[in-house]
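# Close look at the chain arrangement
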Amino acid sequence: MFPNIPALSYDVVVIGGGPAGMAAAIKAKELGLNVLLLDENDYLGGILPQCIHPGFGLHYFKEELTGPEFASRLAKRLVELGVEYRTSARVLEIRNYSDLEKFVLFTSPAGIYGVWAKAIIYTAGARERHAFEIGIVGDRVAGIYTAGEAQTLMDIYGIMPGREVVIVGSGDVGLIMARRFALEGAKVKAVVELMPYPGGLARNVMILRDFGIPLYLSHKVVEVRGRRRVEKVKVVKVDENLNETGEEFWIEADTLVVSAGLVPAVKKLKKVGVEIDPATGGPVVNDRLETSVPGIFVAGNSLLINDLVDYVAEQGELASEGAKEFIENGGIESRKWIKVNRGENVRLIVPHYLSGERDVYLYLRVAKPMENVELRIPEIDKRIKLPVAKPAEMLRIKLKAEEIRKAERLTVEVVKA
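One numbering rule holds for all chains: residues counted from 1, following each sequence as written. In keeping with the predicted nature of the model, local features appear solely for residues at pLDDT of at least 70, side-chain atom pairs appear and are counted solely at 80 or more, and the whole-chain, interface and lining totals rest on all residues. Excluding hydrogens and water, the side-chain figures rest on all heavy atoms present in the structure.

## Points about the overall build of the protein chain
Within the protein chain, the secondary structure is distributed over eight helices and 28 strands. The reference for a compact globule is 2.2 Å times residues^0.38; the radius of gyration itself is calculated from the C-alpha atoms. Relative to a compact globule of 417 residues, whose C-alpha radius of gyration would be 22 Å, the protein chain shows 22 Å and is just as compact. Buried, partly exposed and exposed residues are distinguished by accessible area as a fraction of the type maximum, computed with a 1.4 Å probe on protein chains only: under 20%, between the cut-offs, and over 50%, respectively. Buried positions account for 53% of the 417 residues belonging to the protein chain. In this description, contact between two residues means that some pair of their heavy atoms is separated by no more than 4.5 Å. Looking at the protein chain alone, contacts between residues at least 24 apart form 62% of all its contacts between residues at least 6 apart. For the accessible areas, the method is Shrake-Rupley and the probe is 1.4 Å, while residue cover comes only from the protein chains on display. Only carbon and sulfur atoms are counted for the fraction: they give 48% of the accessible area of the protein chain, which is about 18,700 Å². Averaged over its 55 positive side-chain charges, the protein chain has a centre that lies 1 Å from the centre of its 56 negative ones. Only runs of H or I of at least four residues qualify as helices and only runs of E of at least two qualify as strands under DSSP, and these elements are numbered from the N terminus. Two residue types count as positive, namely Lys and Arg, and two as negative, namely Asp and Glu; His and chain ends fall outside the count. To locate a charge, take NZ of a lysine, CZ of an arginine, CG of an aspartate or CD of a glutamate.

## Looking at the sheet that holds strand β13 (residues 187–192)
Here, any two strands with at least 2 DSSP bridges between them count as paired. Spatially, β11-β18-β12-β13-β14 is the arrangement adopted by the five strands of the open sheet, whose pairing is parallel. Strand pairing shows two members of the sheet lacking a second neighbour, β11 (144–146) and β14 (215–216), which therefore form its edges. With four bridges connecting them, strand β12 (residues 164–168) and strand β18 (residues 255–258) associate as parallel partners. Across the sheet, the residue bridging to Val165 is Thr255, located in β18. For helices, the fitted line uses only the C-alpha atoms of the stretch in contact; every axis is such a line through C-alpha atoms, and the angle between N-to-C directions lies from 0 to 180 degrees. Packing of helix α3 (residues 147–155) onto the sheet brings it into contact with β11 and β18, and relative to β11 it is tilted by some 95°.

## Looking at a nonpolar patch on the surface
Judged by side-chain polarity, Tyr43, Ile156, Tyr157 and Ile159 come together as a nonpolar surface patch covering roughly 390 Å² of accessible area. With respect to the helices, strands and loops of the structure, Tyr157 is situated in the loop between α3 and β12. Patches draw on residues past 30% relative accessible area with no salt bridge. Two like charges within 9 Å are joined, as are two nonpolar side chains (Val, Leu, Ile, Met, Phe, Trp, Tyr) within 5 Å. Salt bridge, as used here, is a side-chain nitrogen of Lys or Arg placed within 4 Å of a carboxyl oxygen of Asp or Glu.

## Some details on the pairing of strand β28 (residues 409–416)
Burial within β28 is extensive, with six of its eight residues counted as buried. Bridge analysis of strand β21 (residues 338–342) against β28 gives four bridges, and the strand direction is parallel. If you follow Arg342 over to β28, its bridge partner there is Val412. Strand direction decides the pairing type here: strand β25 (residues 370–377) and β28, joined by four bridges, are antiparallel.

## So, helix α2 (residues 67–81)
Under the convention used throughout, the expected extent of a helix is 1.5 Å for every residue step, that is, one less than its residue count. With 15 residues, α2 extends 22 Å between its outermost C-alpha atoms, agreeing within 8% with the 21 Å of an ideal straight helix rising 1.5 Å per residue. Among the residues of α2, Gly67, Phe70, Ala71, Leu74 and Leu78 are the ones counted as buried. The arc enclosing the buried residues of α2, seen along the axis, measures out at 95°, which places them on a common side. Along α2, the residues that are exposed and aim more than 90 degrees away from the buried face are Lys76, Val79 and Glu80. This arc describes the spread of directions from the helix axis toward the C-beta atoms.

## As for the packing of aromatic side chains
The criterion for an aromatic pair is that two Phe, Tyr or Trp rings (for Trp, the six-membered ring) have centres within 6.5 Å, with stacked assigned to planes under 30 degrees apart, edge-to-face to planes over 60 apart and tilted to the rest. If you walk through the whole model with that rule in mind, you get nine aromatic pairs. The rings of Tyr60, Phe61 and Phe70 are connected pair by pair, giving a single aromatic cluster. Both a distance and an angle decide whether a charge sits over a ring: NZ of Lys or CZ of Arg must be within 6 Å of the ring centre and within 35 degrees of the ring normal. Over the ring of Phe61 we find Arg73, and its NZ or CZ is 5.5 Å from the ring centre. Between the NZ or CZ atom of Arg86 and the centre of the ring of Tyr113, over which it lies, the distance is 4.7 Å.

## What to know about unusual backbone geometry
Trans is the common state for peptide bonds, and a negative phi is the common state for residues other than glycine. Here the bond from Val350 into Pro351 is cis, since omega is 0°, no more than 30 degrees from zero. Residue placement: Pro351 occurs in the loop between β22 (346–350) and β23 (353–354). The backbone of Lys62 shows a phi angle near 65°, a positive value even though the residue is not glycine. Summarising the element assignment, Lys62 is placed in the loop between β3 (54–56) and β4 (65–66). By relative accessible area, Lys62 is classed as exposed at 69%. Positive phi, normally seen in glycine, also occurs at Leu289, with a value near 65°.

## A look at the environment of Ala142
By the element assignment, Ala142 lies in the loop between β10 (137–138) and β11. C-alpha separation for the pair Ala142 and Arg77, spaced 65 residues apart in sequence, amounts to 41 Å. Apart from the residues within four sequence positions on either side, Ala142 is in contact with Arg228, Arg229 and Val230.

## What about the side chain of Glu290?
Inspection of the secondary structure assignment puts Glu290 in the loop between α6 (267–271) and β20 (296–298). Since its relative accessible area comes to 6%, Glu290 is described here as buried.

## A closer look at the sheet that holds β23
Through backbone hydrogen bonds, the strands of a sheet pair up, either in parallel or in antiparallel fashion. One open sheet holds the five strands; their spatial order is β23-β21-β28-β25-β26, and the pairing between them is mixed. Of all the strands in the sheet, the pair left with one neighbour each is β23 and β26 (382–389).

## Quick notes on α3
Regarding α3, the residues found buried are Ala147, Gly148, Ala150, Gln151, Met154 and Asp155. For α3, the angular spread of the buried residues around the axis is 160°, confining them to a single face. Tucked into the core, α3 has its buried residues touching β9 (126–128), β11, α4 (172–183) and β18.

Quick look at the structure:
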């Protein structure tokens, strides 16, 4: 097919060298698989090296770490095991010739290569929504960044993006960037949130109070004005249906940071025919994290947007266990899969299909915040009381295999207790 391109051969190719990819490659090696990890960056770790704040590792390593520390531990283990990896390796194409014949075409500083593999674990992460994508119009000037761009400038290159800052979005990244700017002496003029409630974890929302940063709920930034650089942004209030009310004001600032959420980076998966869940933006998967294309597994933020890196690494390990089973058995055996359905106040849930052969963690998010709630799965009479459920905080629920086998389908709902 590609006669002039050097061809490599492995059991598993892991695409993406962030925490999910490194955890997947480590687990695959420990399971005895011949594995190659590819990452397009110059270094392993994904976005972790620029996340210099603590709060990582409490579940996975049982201690609190910074992002670089978390990445360093995985990278160290990767090297100790002798896992083969290539950085600056950009995947151009994935081809699926048969269940046990996958082909990955990638470029690197050494040239263009092809890799044959029996299974692929896709952990390429997510991309940020940008200003135009969320409807911000106006002048095309300097001083407009995504949160990731601003974080990279500050924490990797030591460059201060601006001094008077407006942040769009109150998710965890936006709140952490508000603190980062404040600690560096910048004036954070406002955090603007479209929804009537904050989008981040409670501990991160406290950042705004600690630093005296205004939070405008039920508001959105709609316009940027400036000559060579941002000079002011227009903020508009919205009603309960998120429609503009006509109430508006301007905030003078030299920097606009857009932290409007992440979108799973699944374009290459779509091209190979993987079914995508509109709710998560990531693939539909079974409890091995296998997609609708046999032998292609997905973990981390390519699967769904996680709020804890610990869960991302956990999913990477699970994907490798699935790949091991797939390769040993020549595929995941056909079975009567038990479908997991979204019930009342459940916005998204993963995995989508369960076998009933293993214990499973369900990852889900609610559609709206509620207090004093109960997570219910009526088909198996399972009830879990929760003091609070927020869209910003992922719920992780363990189901035992014997529970799953009791029903032909499962419906998960989060309702008032």
